[in-house]
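Chains, contacts and geometry: an overview
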Amino acid sequence: MKKVFSFLAIISIILVSNCTQIPENDNPVIGIWSDVEVAPASLTGKSETVRKEWIFNDAYLGRYHRKSNGSITFKTDFKWSYENDTYTISYPGTDMESQIVSMKTSEEGNTLADSEGHTMALRE
């Protein structure tokens, strides 16, 4: 009897897994976006390079990194959503505020801009 129930359980798992279909997300924001800021030399005489990087994936999630002179100083996961030509990026579990951005296309490439039109990140 155990063999029959095991066989039926295996068949039902196979049928359920083959019947579910994950919708394809082909949103153009998927990929790596970055922003690089170079601070002027401080009292030590060294300039500081700060790189912010957003990696958007197709499951409406992503990873955010902030690097200072090549070393990761902060990283966290984020959630994103798309509605009315704007993207909302939220960082659960952190004190970072949600960002509302839109994608702009120009001759230089694609950029993410905040609600005031300032460039937040460039596509890599």
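Refer to the structure above for everything that follows.
Described in the following lines is the structure provided in the data block. (Residues numbered from 1 in each chain as written. Predicted model: local features only at pLDDT ≥ 70, side-chain atom pairs only at ≥ 80, totals over all residues. Heavy atoms only, no water.)

Before going further, it helps to spend a moment on the pairing of strand β3 (residues 61-68). Here strand β2 (residues 48-56) pairs with β3 via 7 bridges, running antiparallel. Following the sheet pairing, E53 is matched in β3 by H65. Once β2 ends, the chain turns through 4 residues before running back antiparallel as β3, passing Y60 with a positive phi of about 60 degrees. Bridge analysis of β3 against strand β4 (residues 71-83) gives 8 bridges, and the strand direction is antiparallel. Along β4, the bridge assignment pairs S68 with S71. (Pairing = 2+ DSSP bridges. Helix = DSSP H or I, 4+ residues; strand = E, 2+ residues; numbered from the N terminus.)

This paragraph deals with unusual backbone geometry. The phi dihedral of Y60 falls on the positive side, at around 60 degrees, and the residue is not glycine. Take Y60: it is sitting in the loop between β2 and β3. One non-glycine residue with positive phi stands out, namely N84, at about 55 degrees. Along the chain, N84 turns up in the loop between β4 and β5 (86-90). Given a relative accessible area of 67%, N84 falls into the exposed group. (Buried < 20%, exposed > 50% of the residue type's maximum accessible area, 1.4 Å probe, protein only.)

The next point concerns the pairing of strand β6 (residues 99-106). Of the pairings in the sheet, the one linking β5 to β6 comprises 3 bridges and is antiparallel in character. Looking across to β6, one finds that T88 is bridged to I100. As judged from the 6 bridges shared by β6 and strand β7 (residues 109-114), these two strands associate in the antiparallel manner. Bridging from a neighbouring strand, S102 pairs with A113 of β7. What sits between β6 and β7 in their antiparallel hairpin is a turn of 2 residues.

So, on to the packing of aromatic side chains. In this description, a pair of aromatic rings is defined by centroid distance and the angle of the planes. Applying the stated criterion across every chain yields a total of 9 aromatic pairs. With a centroid separation of 4.7 Å and an interplanar angle of 45 degrees, the aromatic rings of Y60 and W80 are classed as tilted. Remark: W80 occurs in strand β4 and Y60 occurs in the loop between β2 and β3; sequence separation between them is 20 residues. Residue classification places Y60 among the partly exposed residues on the basis of a relative accessible area of 41%. With relative accessibility at 4%, the residue W80 sits in the buried group. Grouped by ring-pair contacts, the aromatic residues W54, F56, Y60, Y64, F74, F78, W80, Y82, Y87 and Y91 constitute a single cluster. (Phe/Tyr/Trp six-rings, centres within 6.5 Å; stacked < 30°, edge-to-face > 60°.)

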